[in-house]
Amino acid sequence: MKNLLTLLLITTMSCQSFSQGENEDPSFAKSDDRKITNAQVIYDESLEHLVFTISVNGKAGKSVPSAAGQLDGAPVLGYVFPTNLKPIDVGFSETDGIVALALTSHPDFDDTPLWDENYDRNYANDGIIWHPHWVVLTEDKRVAGGLAVKQFDPEKDEVTLPPTNPGMPMYMDSPGFHVITKGNQIKVVVPTYRVSGKTDFNFNGVAAYMQVNTSKDDLPMLGVYAVYSVASGDLSLPYTVE
């Protein structure tokens, strides 16, 4: 895991030789909404919940991507908590990679079919509303960010996904945790039973741009194309649950 995080730091500093996200808005990198000042996870023992929080200089979650008009090339913004949790802790089968809780916004598609985040009784129209995903990230040198959500072949690989997964051939789940954006903070509330009772783990906070690919075999389905800021200033996992 440490090697993967080191790779991400290197590639974001020198990414000219990697595939770029063509639908990335140039203003994303300059926005204070993605300049992280702190990342925190607090365990509320009385409620047996974990509260994940990222704080930024601007207004967390205020700016969102503009629609590309199709799934292929769809832009995805994320506030991401890479952790040292194990894939089995969040419902995946055993596999290599970094377990991360990603809070995302993407107007071109809805990958939370069980949840109605904008309360309009339409479960398929709220991808732009900030919502959470568990993902497993692995090294991918084809994209500028150096990482991608881990894929699998559904016809060949025996993979266990949580029952709330969105049906994509990736280590991804749509757990439905409540995401709150208020002022300079974005928070997500996670019941401890959804992480196998783990309340002692390491993490970091990252603001990133991702992009969907459905047309190019030489690129990942969901790759990390840019990292805007990192809570700790480096890509270790220095923070622990309070």
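The following refers to the structure shown. Everything quoted here is computed from the prediction, not taken from an experiment.

The space that makes up the largest pocket amounts to roughly 270 Å³. Surrounding the largest pocket, 14 residues form its lining, Glu117, Tyr119, Trp130, His178 and Val179 being those nearest its centre. The set of elements that each furnish at least two residues to the lining of the largest pocket consists of strand E5 (131-139) and strand E8 (178-182). Per-element tally for the lining of the largest pocket: the top contributor is E8, with four residues. Residues belonging to the lining of the largest pocket are distributed by class as follows: eight nonpolar, four polar and two charged.

Okay, the pattern of salt bridges next. For the structure on display, the rule yields four salt bridges. For Asp32, the salt bridge is made with Lys35, and the minimal N-O distance between the two is 3.4 Å. Judged by relative accessible area, which is 34%, Lys35 ranks as partly exposed. Residue Asp89 is joined to Lys198 by a salt bridge in which the shortest nitrogen-to-oxygen separation is 2.8 Å. You can see Asp89 sitting in the loop between strand E3 (75-82) and strand E4 (98-105) and its partner Lys198 sitting in the loop between strand E9 (185-191) and strand E10 (202-203), a full 109 residues away along the chain. What makes Asp89 buried here is its relative accessible area of 7%.

Attention now goes to the pairing of E4. Of all eight residues that make up E4, eight are buried, and the element is covered over most of its length. Alternating positions in E4 separate into two faces, Ile98, Ala100, Ala102 and Thr104 on one and Val99, Leu101, Leu103 and Ser105 on the other, with burial throughout. Direction of pairing for E4 relative to E5: antiparallel, over a ladder of seven bridges. In the sheet register, Ile98 faces E5, and the bridge partner there is Leu137.

It is worth spelling out unusual backbone geometry at this point. With phi around 70 degrees, Arg121 is a residue other than glycine that occupies positive phi space. Mapped onto the elements of the fold, Arg121 is located in the loop between E4 and E5. When its relative accessible area of 77% is taken as the criterion, Arg121 is described as exposed. Backbone geometry places Ser196, a non-glycine residue, at a positive phi of 60 degrees. Tracing the sequence through the fold places Ser196 in the loop between E9 and E10. Residue Ser196 is classed as partly exposed on the basis of its relative accessible area of 44%.

Another aspect to go through is the packing of aromatic side chains. Scanning the entire structure with this criterion turns up nine aromatic pairs. Geometrically, the ring pair formed by Tyr79 and Trp130 is tilted, given 5.1 Å between the ring centres and 45 degrees between the ring planes. One end of the pair, Tyr79, is in strand E3; the other, Trp130, is in the loop between E4 and E5, with 51 residues separating them in the sequence. Across the pair, Trp130 and Tyr79 agree in class, each one buried. Arranged with centres 6.4 Å apart and planes meeting at 85 degrees, the rings of Trp134 and Phe177 form a pair that is edge-to-face. Pair noted here: Trp134 is in strand E5 and Phe177 is in the loop between strand E7 (172-173) and E8, with a separation of 43 residues, a long-range link.

Our next topic: the sheet that holds E9. With antiparallel pairing, four strands are arranged side by side in an open sheet as E1-E2-E9-E8. Of all the strands in the sheet, the pair left with one neighbour each is strand E1 (36-44) and E8. The mean angle between the axes of side-by-side strands here comes to 15 degrees, regardless of whether they run parallel or antiparallel. Sheet analysis places E1 next to strand E2 (residues 49-56), joined by eight bridges and oriented antiparallel. Within the sheet, the bridge partner assigned to Gln40 lies in E2 and is Thr53.

Parameters at a glance
Residues numbered from 1 in each chain as written. Predicted model: local features only at pLDDT ≥ 70, side-chain atom pairs only at ≥ 80, totals over all residues. Heavy atoms only, no water. 1 Å grid on protein atoms, 1.4 Å probe; cavity = no way out; pocket = protein on both sides within 12 Å on 5 of 7 lines; lining within 4 Å. Points joined across faces, edges and corners; volume = space filled by probe spheres on them. Helix = DSSP H or I, 4+ residues; strand = E, 2+ residues; numbered from the N terminus. Nonpolar A, V, L, I, M, F, W, Y, C, P; charged D, E, K, R; others polar. Salt bridge = Lys/Arg side-chain N within 4 Å of Asp/Glu carboxyl O. Buried < 20%, exposed > 50% of the residue type's maximum accessible area, 1.4 Å probe, protein only. Pairing = 2+ DSSP bridges. Phe/Tyr/Trp six-rings, centres within 6.5 Å; stacked < 30°, edge-to-face > 60°. Axes fitted to C-alpha atoms, helices over the stretch in contact; angles between N-to-C directions.

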